[in-house]
There are 2 protein chains.
Amino acid sequence: MSSFFPAPLEDLIDKFATLPGIGRKTAQRLAFHVLSLPQSEAEGFAAAILNAVGSVHTCPVCQNLTDGELCPICAGDRRDKSTVCVVAEPRDVLSIERSREYAGVYHVLHGVLSPVNHVGPDDLRISELVARVGAGDIREVIMATNPDTEGDATAIYLSRLLKPFGVTVTRLAYGIPVGSNIEYADDATLLRALEGRREM
Amino acid sequence: MSSFFPAPLEDLIDKFATLPGIGRKTAQRLAFHVLSLPQSEAEGFAAAILNAVGSVHTCPVCQNLTDGELCPICAGDRRDKSTVCVVAEPRDVLSIERSREYAGVYHVLHGVLSPVNHVGPDDLRISELVARVGAGDIREVIMATNPDTEGDATAIYLSRLLKPFGVTVTRLAYGIPVGSNIEYADDATLLRALEGRREM
């Protein structure tokens, strides 16, 4: 059955099917859609892939994605470069920037430690973080990995690695989300919220 | 927020987000995945798009997709070319071929009539079907559009258009699916199964 459609179409379906979360049926639908586009739009899609892969790379300082020499945050002089917020993915930088509160810089790990998925320290941008902290200009490292098993384990691993350098290592606060209802908070979140209670 | 990621990455996310069923978050995930591929694989993806768009076109006889002059079914001499099965999409040809029973040829409409989605007769390959039937070598046209409102309406429209040429126009049988249970059949299917009952 795999050779039923014309070979170039089968090939395109195969390519779409390698994308994460895209099954065979969806890949077919996407490939048919691309084929139905005007030639110039389909060519624009291919050009966008080549252009992104050719020009986007990681910032040599914070490892976030950029098409410049440094990323805009590291290149500017308005951020506090003695505070580094460690996140798992480039999209997490976007989330923290949205708070408009954070004035430090970032370090993007490009994943979290995950023995199940065979992701070890050498697969993440950890040596680059250690080198940054080792250079001596950093005072505080804020762990902002997700509050799940792998995110917590990664934060604990990094904190043990970085504390010998004499930096302060902190973790984002856990607790009840703002605007939500205690009645509907799960047990783990409530426990963390109690543990993290502060004097008023 | 839209200019937060490097421009070439934003552009690629935009392109993925134009695909059917792909929202903004999924488009981000796909674009990040493509960026994480080895350069040669990403280039292979772009090449697959260009190759498919450049070489796949519709068969001038049956309008199915092909990269040859005619599609393999029309090009061969082992099929009964006096019987034409009309389907909505190229993937429907695959489904009917799977039955290994049908020996005729096909006509692919590339859609169904749908006033809601502004799809009229001129948007489908209907004039090509009329020209085929008008050429005179066709005895039977089997309507194999989906048994839903739009598929039925399209079949009825085509049958009125084609009957004046003196061809037999038939519709796939409706009824209880083989291997299923009458207890769980919906009312509409049961009604059609009763209407279509045959002497044993």
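Residues take numbers from 1 onward in each chain, read along the sequence in its written order. In the order they appear in the text, chains get letters beginning with A and ligands get numbers beginning with 1. In keeping with the model being predicted, local features are shown solely for residues with a pLDDT of at least 70 and side-chain atom pairs are shown and tallied solely at 80 or more, while totals for entire chains, interfaces and linings include all residues. Calculated side-chain values reflect all of the structure's heavy atoms, with hydrogen atoms and water omitted.

K.L.:
For this particular structure, what's the right way to read the overall build of chain A?
P.N.:
Summing up its helical and strand segments, chain A has 8 helices and 6 strands in all. Helix and strand assignments follow DSSP, with helices taken as H or I runs no shorter than four residues and strands as E runs no shorter than two, numbered in order from the N terminus. Counting from the amino terminus, helix and strand elements in chain A follow one another as α-α-α-β-β-α-β-α-β-α-β-α-β-α. What the globule rule says is 2.2 Å times the number of residues to the power 0.38, and the radius of gyration is computed from C-alpha atoms. Whereas a compact globule of 200 residues would reach a radius of gyration of roughly 16 Å, chain A reaches 22 Å, over 25% beyond that. Seen through its C-alpha atoms, chain A measures out along the principal axes to roughly 65 × 45 × 35 Å. In this scheme, a residue with accessible area under 20% of its type's maximum is buried, one over 50% is exposed, and one in between is partly exposed, where area comes from a 1.4 Å probe on protein chains only. Across the 200 residues that make up chain A, the buried fraction comes to 40%. In this analysis, two residues are considered to be in contact whenever any of their non-hydrogen atoms come within 4.5 Å of each other. When contacts within chain A are restricted to residue pairs at least 6 apart in sequence, long-range pairs at least 24 apart make up 44% of them. For chain A, the accessible surface area stands at approximately 11,300 Å², while carbon and sulfur atoms represent 53% of it. When charges are counted, Lys and Arg contribute as positive and Asp and Glu as negative, whereas His and the chain ends are disregarded. The atoms used to mark charge sites are NZ of Lys, CZ of Arg, CG of Asp and CD of Glu. Between the centroid of the 19 positive side chains of chain A and the centroid of its 26 negative side chains there is a distance of 3 Å. Shrake-Rupley sampling with a 1.4 Å probe provides the accessible areas, and residues are treated as covered by the protein chains on show and by no other component.

K.L.:
Explain the confidence of the model for chain A to me, please; I cannot follow it from the model alone.
P.N.:
In low-pLDDT regions, the fine details of the predicted coordinates are not to be read closely. What pLDDT reports is the predictor's confidence in each residue, on a scale of 0 through 100. On average, residues of chain A score 89 in pLDDT, and 98% of them are at 70 or above. At the level of chain-chain contacts, confidence expressed as ipTM amounts to 0.77, with global pTM at 0.76.

K.L.:
It is not clear to me how the relation of the copies chain A and chain B should be interpreted in this structure. Could you clarify?
P.N.:
Here the two chain copies are tied together by a rotation about an axis and a shift along that axis. Superposing chain A onto chain B requires a rotation of 180° together with a translation of 0.1 Å along the rotation axis, leaving an RMSD of 0.1 Å. Read as a symmetry element, the transformation amounts to a two-fold axis. Taking the C-alpha atom as reference, chain A places A46(A) closest to the rotation axis, 2.1 Å from it. An overlap of 100% is found between the interface residues of chain A and their copies at the interface of chain B, pointing to a shared contact surface. Copy-to-copy alignment: least squares on C-alpha atoms, limited to residues at pLDDT 70 or above in both.

K.L.:
What is the right way to look at the pattern of salt bridges in this model?
P.N.:
Residue and element names in this part refer to chain B. The salt bridge criterion pairs a side-chain nitrogen of Lys or Arg with a carboxyl oxygen of Asp or Glu, the two atoms within 4 Å. The full count for this structure, using the stated rule, is 10 salt bridges over all chains. For R24, the salt bridge is made with E10, and the minimal N-O distance between the two is 3.3 Å. In this pair, R24 sits in helix α2 (residues 24-36) while E10 sits in helix α1 (residues 7-17), placing the two residues 14 residues apart along the sequence. On the basis of relative accessibility, which here comes to 40%, the residue R24 falls in the partly exposed class.

K.L.:
Honestly, the environment of S114(A) in this entry has me stumped. Any pointers?
P.N.:
By the element assignment, S114(A) lies in the loop between β4 (104-108) and α6 (126-134). As for S114(A) and I142(A), which are separated by 28 residues in sequence, their C-alpha atoms are 20 Å apart.

K.L.:
Just checking my understanding: could you explain the interface of chain A and chain B for this structure?
P.N.:
Many authors give the size of an interface as the accessible area that is lost as the parts come together. Opposite the 46 residues of chain A that make contact, chain B presents 46 residues. Carbon and sulfur atoms supply 82% of the area that chain A and chain B bury against each other, a total of about 4,400 Å² over both sides. Taken together, the links from chain A to chain B amount to 0 salt bridges. Two N or O atoms form a polar contact when they lie within 3.5 Å of each other; inside protein one atom must be a possible hydrogen donor and the other a possible acceptor, and for residues adjacent in sequence the pair counts only when both atoms belong to side chains. Between chain A and chain B we count 2 residue pairs in polar contact (both at pLDDT 80 or more) in total. Broken down by secondary-structure element, the contributors of at least two residues to the side of chain A that touches chain B are α1 (7-17), α2 (24-36), α3 (39-55), β2 (65-66) and α5 (90-98) of chain A. Summed over both partners, the accessible area (1.4 Å probe) lost when two parts come together is defined as the buried area.

K.L.:
I'm lost on a positive patch on the surface in this one. Help?
P.N.:
On the surface, a cluster of positive charge is made up of K25(A), R29(A), R91(B) and R98(B). The set of elements that each furnish at least two residues to the positive patch consists of α2 of chain A together with α5 (90-98) of chain B. With respect to the helices, strands and loops of the structure, R98(B) is situated in helix α5. With a relative accessible area of 46%, R98(B) lands in the partly exposed category. For patches, a residue must show more than 30% relative accessible area and have no salt bridge; joins then use 9 Å for like charges and 5 Å for nonpolar side chains, namely Val, Leu, Ile, Met, Phe, Trp and Tyr.

K.L.:
Any chance you could explain unusual backbone geometry here in plain terms?
P.N.:
For residues besides glycine, phi is generally negative; the peptide bonds are generally trans as well. One non-glycine residue, Q63(A), lies in positive phi territory at about 70°. Secondary-structure assignment places Q63(A) in the loop between β1 (57-58) and β2.

K.L.:
Help me out: how do you make sense of the side chain of S114(A) in this one?
P.N.:
All names here are of chain A. We classify S114 as buried; its relative accessible area is 1%. One polar contact links S114 to E150, side chain to side chain, over a distance of 2.7 Å. Once residues lying within four places of it in the same chain are set aside, the contact partners of S114 are V119 and E150.

K.L.:
Before we go on, may I ask you to explain the pairing of strand β5 (residues 140-143) of chain A in this structure?
P.N.:
One face of the sheet, then the other: side chains in a regular strand alternate in exactly this way. Residue and element names in this part refer to chain A. Two strands pair if DSSP finds at least two bridges between them. Taken together, the 4 bridges between strand β3 (residues 80-87) and β5 define a ladder with parallel strand orientation. In the strand pairing of β5, V86 is matched with M143. One ladder, built from 4 bridges, connects β5 with strand β6 (residues 168-171); its direction is parallel. Its bridge partner lying in β6, E140 is registered against T168.

K.L.:
Teacher, can you tell me more about α2(B) here?
P.N.:
Side chains of residues three or four places apart in an α-helix project in the same direction, reflecting 3.6 residues per turn. Helix length check: α2(B) (13 residues) gives 18 Å between terminal C-alpha atoms against 18 Å at 1.5 Å per residue, within 8%. Buried positions along α2(B) lie against α3, β2 and α5 of chain A together with α1 and α3 (39-55) of chain B. Between the first and last residue of a helix there are one fewer steps than residues, each counted as 1.5 Å, and that sum is the expected span.

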